[in-house]
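What follows is each chain in one-letter form.
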Amino acid sequence: SDYYNFEVLNSEIEIISTRDFLQREQKRIEIPEHLVREASVEFVRKSNGAHTDYFYWLRGSKDVKMWPSGPSYAEDFDVSQEPAKIHEETLILHFPMHVREGLRYLGGIPGLLRPFPFDHPVSVYSRKFIRYHLVYADFIWKAASRVIDVLGGPNAFVAAHVRRNDLQYKNVFIGAEGSIENMQELLQPKETMYLATDETAPGFFEPFKKRGFKVFTLQDIKKSNKHLWEDLGDIKPKYEGMIEQAVCSAARLFFGTPSSTFSSYTFRLRGYIHGLGPQSSCLYHTKKYTKEKFENTEPGSCTTSFKDDVLMWKP
């Protein structure tokens, strides 16, 4: 989570680490000494190879409200109903993560806000909070700007997110020939194309190059620019996904992968940047486009799940 700008986030809501929380609240809610000690040395012992002792202590504490409370979490999250009632004596509200018991927070924020009217105070505040306070750290944008410069600058290239390996929705996988055929009519001759992809097969994107497009991936750019991020500190591989989202947000057009949270957030970033215009359209490399179809596409309308559409970024 160090890829978020916590200075900006803390300007709206106080954020503390688990270690600080344990040390601050130990006496008040009787947190076991060994949990505080382990946190103080940045080491948390595993239990059953899956969950920390801290998690098990939370589950058994009288001061903790687990929310959602179990596999029926869909009911807990039904925001169209009365707000969840938390006992007034509860000191900690804990959002557990337990895949085997069905507790997994996989879903888009738009789905949580959609039951509220657009001008409802909860919707208005949530959208503003997410837009202006839950933002990537400066080094993510600085690293992305170097890549964007290599590609010719903002709007000088098109981008596509082609997810090929670990996405659970296998029905969205298509070959490179199909992807470029779908996008072709919206592209300019010999246009520069940036591909955010996890495809590793050599030559997979040859159909793009055979049609005259100048194709780049992040690995291509890093390989030909050895000192690309040298002065930005330790840019770890785990940051590259966020950097690529920022790169794609600056493209003339962006084609995403349906049902992908990576593509979904990229659409939202493009909405923040481009506003209500054709560049904020939700396009997918899996769908066939014509210029007429594109011109008649309503800006900000997304037709698949994880809908980071106009609901999220319209003022």
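Just above sits the structure.
Read on for an overview of the structure.

Conventions we followed
- Residues numbered from 1 in each chain as written.
- Predicted model: local features only at pLDDT ≥ 70, side-chain atom pairs only at ≥ 80, totals over all residues.
- Heavy atoms only, no water.
- Helix = DSSP H or I, 4+ residues; strand = E, 2+ residues; numbered from the N terminus.
- Contact = heavy atoms within 4.5 Å.
- Areas by Shrake-Rupley, 256 points an atom, 1.4 Å probe, with all protein chains shown as cover.
- Buried < 20%, exposed > 50% of the residue type's maximum accessible area, 1.4 Å probe, protein only.
- Phe/Tyr/Trp six-rings, centres within 6.5 Å; stacked < 30°, edge-to-face > 60°.

## Looking at the overall build of the chain
- Across its full length, the chain carries 15 helices and nine strands.
- If you take every contact in the chain between residues at least 6 apart in sequence, the share linking residues at least 24 apart comes to 67%.
- Per element, the accessible surface of the chain, about 17500 Å² overall, is 52% carbon and sulfur.

## Some details on the environment of Ala-250
- With respect to the helices, strands and loops of the structure, Ala-250 is situated in the loop between helix 12 (240-249) and strand 8 (254-256).
- Residue Ala-250 is classed as buried on the basis of its relative accessible area of 11%.
- Residues Ala-250 and Ser-145, spaced 105 residues apart in sequence, show a C-alpha to C-alpha distance of 9.2 Å.
- Those residues in contact with Ala-250 that sit more than four places away from it in its chain are Ile-148, Pro-154, Asn-155, Phe-157 and Arg-270.

## Topic: the packing of aromatic side chains
- Scanning all chains against the criterion turns up eleven aromatic pairs.
- Centre to centre, the rings of Tyr-4 and Tyr-136 are 6.0 Å apart; their planes meet at 35°, and the pair counts as tilted. Residue Tyr-4 is located in the segment before helix 1 (6-10), and its partner Tyr-136 is located in the loop between helix 7 (121-133) and helix 8 (138-150); the two are separated by 132 residues in the primary sequence.
- For Tyr-4, a relative accessible area of 26% puts it in the partly exposed group.
- We classify Tyr-136 as buried; its relative accessible area is 8%.
- Ring plane angle 70° and centroid distance 5.5 Å describe the contact between Tyr-136 and Tyr-265, whose orientation is recorded as edge-to-face. In this pair, Tyr-136 is assigned in the loop between helix 7 and helix 8 and Tyr-265 in helix 13 (residues 261-274), connecting sequence segments 129 residues apart.

These results come straight from atomic positions and should not be treated as a statement about function.
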